[in-house]
Amino acid sequence: MSERVLIFDTTLRDGEQSPGASMNSAEKMRLAVQLEKLGVDVIEAGFPAASEGDFESVSMIAGRLKKPEIAGLARANKPDIDRVWQAIRHAARPRIHTFIATSDIHLEYKLKMSRDAVIRAASEAVAYATSLTPNVEFSAEDGSRSDRNYLCKVFEAAIAAGATTVNLPDTVGYAIPLEFAELVRYVRQHTPNIGKAVLSVHCHDDLGLATANTLAAIQNGARQAEVTINGIGERAGNTSLEEVVMALHTRANILKLGTHIKTEFIYPTSRLVSMITGLLVQPNKAIVGANAFAHEAGIHQDGILKNPMTYEIMRPETIGLSANRLVLGKHSGRHALRSQLKDLGYDLSDEELNLVFGKFKELADKKKHVMDEDLDAIVTEGILRTADVFVLDYLHVTAGTTVLPMASVRLKINGRPVQDAGYGNGPIDAAYNTIAKLTGTNSELLRFSISALTGGTDALGEVTVRLQENGLLALGKGADPDIITASAKAYINGLNRMEYLKSHPMQEAAML
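Structural notes, computed from the coordinates. As the structure is a computational prediction, the values presented were derived from the model and not from experiment.

Concerning the overall build of the chain
When helices and strands are tallied, the chain shows 17 helices and 14 strands. By principal-axis analysis of the C-alpha atoms, the chain measures approximately 75 × 60 × 40 Å. Pairs at least 24 apart in sequence give 67% of the contacts found in the chain among residues at least 6 apart. A total of about 21,600 Å² of accessible surface is found on the chain, and carbon and sulfur atoms cover 52% of it. Across the chain, the mean location of the 54 positive side-chain charges is 3 Å away from that of the 61 negative side-chain charges.

This is the structure in structure tokens:
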């Protein structure tokens, strides 16, 4: 390929703005390491001015990763830019990403600034950022709804001030592909110094067009795509990394552009994001959904058996899915487990492996074969959780057609054991009522869903809950062969995430 598209991953920043998808520092670091393995060019590690926790996470990632550029987001003001620089200055390849809105609706109602004032603010912010590092990106928030001529003037000023990347966001997912392609062409033709910077795009999926808009922009000269794993992000989400990368990979004959992404790490990275955030990947999700390579119709099955290309436009192995995995069971040892975990994207320390191995053996005694999805759940349960305030120590329930459902629960709250019993409409309701009483929570249960991670009657049950308390949203996730225990684990996980959110208050984050 004579040209390539830079992949700017913002899962840790914009992706984390999905309701209930907040991650702690350890989870962010583990995901950042996986993104480095995946081969992304830029990792937007966070918004350092948003909170002390965000600053610490960005700083930690910047100090460890060596291959990708590490970016931090800043509003177009000196304090934000200083905060970003303090967080990323130790990075091998730091990038400051600053932004300001350019659409008239944002200028009038949000910024209350004139067009000239915004140009001055953008220019001054970029100039100050370039005094700290030559690698500066400027974004025109709500660019797709901005006046075209004015947008070009803002970009021209930002590039003149030293921006090496200018980003055109479709902040509210308003554009359609034909329109967005035309806008990209217009910007390239009417920004005199555009050749001195990389043109980037950042699309949202409110109309389900984020990937289509991004590909249309790339076809018309954009050379950086801002994306997230599984398309997570504000509202309907962002452009999916896996969709853009595999479209470029699969249709190279038409698009004639490549990336540096190691596609075999796409599926493991997708699973890791899902496990950390608690956001399930819908079965029919392109590329990484459970049904993406499943074939039920007889005609399709017949074609696949004769030649997979009859109904598959890409090989599952290309994204890291393989039918030839080791079968793990109760007789499997540490070496086989470590190998399988590495294939899934987990590079564990000896201490972490020992912890996971113990939980693996416990599960292997309960079911014949331990699947990849089971391992994901074990890792999440064992080492990817928050520093738990609430820990389930004991659960006993009684229920039946002639018995009033009751649950007896013992928790450890900050290491202190507490115990109580309660009733409910069913065993899970009884367990939740008792846990709520013990923890003193006022959280409202907004969503409760159950799924089987694998096939068979001995499959791990996975429960996901969404909780709300005082305006905060948190997702909880739990897995166990016993669905009532899995439900209790999910609820407690959600309460722990809620406690984490309470102790890490976030200022309102920017929505590019």
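Still more ground to cover, so stick around.
Quick notes on the packing of aromatic side chains
Enumeration according to the criterion identifies four aromatic pairs in this entry. Ring centres of phenylalanine 138 and phenylalanine 155 lie 6.4 Å apart, and the angle between their planes is 85°; on these two criteria the pair is classed as edge-to-face. On the criterion of sequence distance, the pair formed by phenylalanine 138 in strand β5 (residues 136-141) and phenylalanine 155 in helix α6 (residues 148-160) is long-range, its members being 17 residues apart. The residues phenylalanine 138 and phenylalanine 155 share a single accessibility class, namely buried. Between tyrosine 432 and phenylalanine 448 the ring centres are 6.2 Å apart and the planes differ by 70°, which places this aromatic pair in the edge-to-face class. Of the two residues, tyrosine 432 sits in helix α16 (residues 427-439) while phenylalanine 448 sits in strand β12 (residues 444-452), which places them 16 residues apart along the sequence. Judged by relative accessible area, which is 7%, tyrosine 432 ranks as buried. The class of phenylalanine 448 is partly exposed, set by a relative accessible area of 33%. Ring pairing ties together the aromatic residues Tyr432, Phe448 and Tyr491, which thus form one cluster. The ring of phenylalanine 55 carries arginine 83 above its face, with NZ or CZ at 3.8 Å from the centroid. The ring of tyrosine 150 carries arginine 115 above its face, with NZ or CZ at 4.9 Å from the centroid.

Cut-offs used in this document
- The residue numbers shown here count from 1 along each chain, following its written sequence.
- Given that this is a predicted model, residues contribute local features only at a pLDDT of at least 70 and side-chain atom pairs are listed and counted only at 80 or more, while totals for whole chains, interfaces and linings are drawn from all residues.
- Hydrogens and waters are ignored; side-chain quantities use all the structure's heavy atoms.
- Helix and strand assignments come from DSSP, with helices taken as H or I runs of at least 4 residues and strands as E runs of at least 2, each series counted from the N terminus.
- Every residue pair with non-hydrogen atoms within 4.5 Å of one another is taken to be in contact.
- Each accessible area is a Shrake-Rupley estimate made with a 1.4 Å probe; only the visible protein chains count as cover when residues are assessed.
- For the purpose of counting charges, residues Lys and Arg are taken to be positive, whereas Asp and Glu are taken to be negative. His and the chain ends are not included.
- Think of each charge as sitting on NZ of Lys, CZ of Arg, CG of Asp or CD of Glu.
- Each aromatic pair joins two rings of Phe, Tyr and Trp (for Trp, the six-membered one) with centres within 6.5 Å, and gets the label stacked for planes under 30 degrees apart, edge-to-face for over 60, and tilted for any other angle.
- Throughout this description, buried means an accessible area under 20% of the type-specific maximum (1.4 Å probe, protein chains only), exposed means over 50%, and partly exposed covers the range between.
- As a reminder, the over-ring test applies to NZ of lysine and CZ of arginine, requiring each to be within 6 Å of the ring centre and within 35 degrees of the ring normal.

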